[in-house]
Amino acid sequence: MALFVFILYGIVIFAYIFFCLFITYHLMKYSLNSELNKIMLITFIVVATLLFVSNLALFFSVDWQALFLKISNLTNF
Amino acid sequence: MENFNRYHFAGQKEGEKILLVAHRHWFDILTQFLFVLVLIIMLVGSYAFLPVMFPFLGEAIGNAFFAFLENTFLLFIWIIFFIIWIDYYFDVWIITNQRIVNISQKALFSREVSELELENIQDITTEVSGILRTFFNFGDLYIQTASEKERFLFNNVPDPYKIKDLIMNLQEKQERTEEEQFGKMLQKKVHHEKF
């Protein structure tokens, strides 16, 4: 079950990185106003990175085995 | 008039000056951002309701899992917010002293760039219909053209009347310049034939 969660999380993180790259590429390549472009790009990259790092930290802080055990115990009752 | 000196677009010609950059009206993006707002309300609401519905989320194991879920949700709200922003911000009409360029962000991986030379403009129509459009002064502007693409559409742009005036003035200016050039050419020819 834990392996399934890891695979699923891998897909989610891959999608997130993919969309982040897409957004960054668009902001860098197609922006008309260079000043606004810098502000948007910095804001996006900083927040997206913070969210990504915190998400990774939170994912690895969860004891998945214990969690599934707990959930299966709860559903048994 | 707003200064567009800091603006530059791919394919801009030398000496070509940007006179107006028009995006869709802010009301258009507001309706899309309502979806993001609903997601944020769901996120905030889940802090209050989920631990009540699932008490184990308040325990040590569940707490970390709950924080992870909330963070993942926030991650996607952030991405959705920027995708909506990109769709709005990169959907743009640029009026220069030579032509009109429409850059259209149709979908995530679909982008269309079309342009119209001022001399190809045949007719301009503006349409502001409905209470909200009238109240906030935004609407559509259609340009009938003599080129391959018969109709050029400015969709939900703010103050379409101002844009129409600007385009018509530019067109008149260009026609005058062409006439002057033609007159000068004729004068030269007549002068040349006389002597």
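Structure first, text after, so check above.
These numbers were taken from a predicted model, which means no experiment stands behind them. The residue numbering used here restarts from 1 in each chain and proceeds along that chain's sequence as written. In the order they appear in the text, chains get letters beginning with A and ligands get numbers beginning with 1. A pLDDT threshold of at least 70 governs which residues receive local features in this predicted model, and a stricter bar of 80 or more applies before side-chain atom pairs are shown or counted, although totals over entire chains, interfaces and linings include all residues.

Draft legend 1. Structural view of helix 1 (residues 26–53) of chain B. Residues and elements named next belong to chain B. Look at helix 1: 39 Å from first C-alpha to last across 28 residues, which is about the 40 Å you get at 1.5 Å a residue. To obtain the bend at a residue, axes are fitted to the seven residues ending there and to the seven starting there, and the angle between these axes is taken. Numbered from the N terminus, helices here are DSSP runs of H or I no shorter than four residues, and strands are runs of E no shorter than two. At S46, helix 1 shows its largest kink, close to 45°. To sort residues by exposure, count the other C-beta atoms lying within 10 Å of each residue's C-beta; 20 or more gives buried, 12 or fewer gives exposed, and values between give partly exposed, all with C-beta atoms placed from the backbone. With 0 of its 28 residues buried, helix 1 lies for the most part at the surface. Expected span of a helix, by definition, is 1.5 Å for each gap between consecutive residues, and there is one gap fewer than residues.

Draft legend 2. Spotlight on the pairing of strand 2 (residues 92–96) of chain B. Residue and element names in this part refer to chain B. Buried residues dominate strand 2, accounting for 4 of its 5 residues. For two strands to be treated as a pair, DSSP must find at least two bridges joining them. Pairing of strand 2 with strand 3 (residues 99–107), which is carried by 4 bridges, proceeds in the antiparallel orientation. Directly across from I95, in strand 3, lies its bridge partner I100. Here strand 2 folds back onto strand 3, and the loop between the two strands holds 2 residues.

Draft legend 3. Region of interest: the interface of chain A and chain B. A residue pair is marked as a contact if its C-beta atoms, positioned from the backbone, fall within 7 Å. Between chain A and chain B, the contact holds 25 residues from the first and 22 residues from the second. Of all elements in the fold, only helix 1 (2–30), helix 2 (34–61) and helix 3 (64–76) of chain A reach the threshold of two or more residues within the side of chain A that touches chain B. Under the convention adopted here, Pro, Cys and the residues Ala, Val, Leu, Ile, Met, Phe, Trp and Tyr are nonpolar, Asp, Glu, Lys and Arg are charged, and Gly plus all remaining residues are polar. A class-by-class count of the residues in the side of chain A that touches chain B yields 16 nonpolar, 6 polar and 3 charged.

Draft legend 4. Highlighting the packing of helix 1 of chain A against helix 2 (residues 60–89) of chain B. Axis lines are fitted through C-alpha atoms, for helices just across the contact stretch, and the angle between N-to-C directions can take any value from 0 to 180 degrees. In the contact formed by helix 1 of chain A and helix 2 of chain B, the axes pass within 11 Å of each other and the chain directions differ by 30°. The orientation of helix 1 of chain A relative to helix 2 of chain B falls into the category roughly parallel. Pair helix 1 of chain A / helix 2 of chain B crosses with left-handed handedness. Across from Y16(A), F19(A), I23(A) and H26(A) in helix 1 of chain A, the residues of helix 2 of chain B making contact are L75(B), I79(B), F82(B) and I86(B). Each angle receives one of four descriptions, namely roughly parallel if under 35 degrees, roughly antiparallel if over 145, roughly perpendicular if within 65 to 115, and oblique otherwise. Left-handed describes a crossing whose near helix is turned anticlockwise from the far helix through less than a right angle; right-handed describes the clockwise counterpart.

Draft legend 5. Spotlight on the nonpolar core. Remark: nonpolar core denotes a set of buried Ala, Val, Leu, Ile, Met, Phe, Trp, Tyr and Cys residues whose joining runs through C-beta atoms within 7 Å. By size, the foremost hydrophobic cluster in this structure holds 17 residues, and its most contacted members are W93(B), F154(B), V157(B) and I163(B). Counting 12 residues, the second-largest nonpolar core is a separate cluster that includes L27(A), W78(B), I79(B) and Y89(B).

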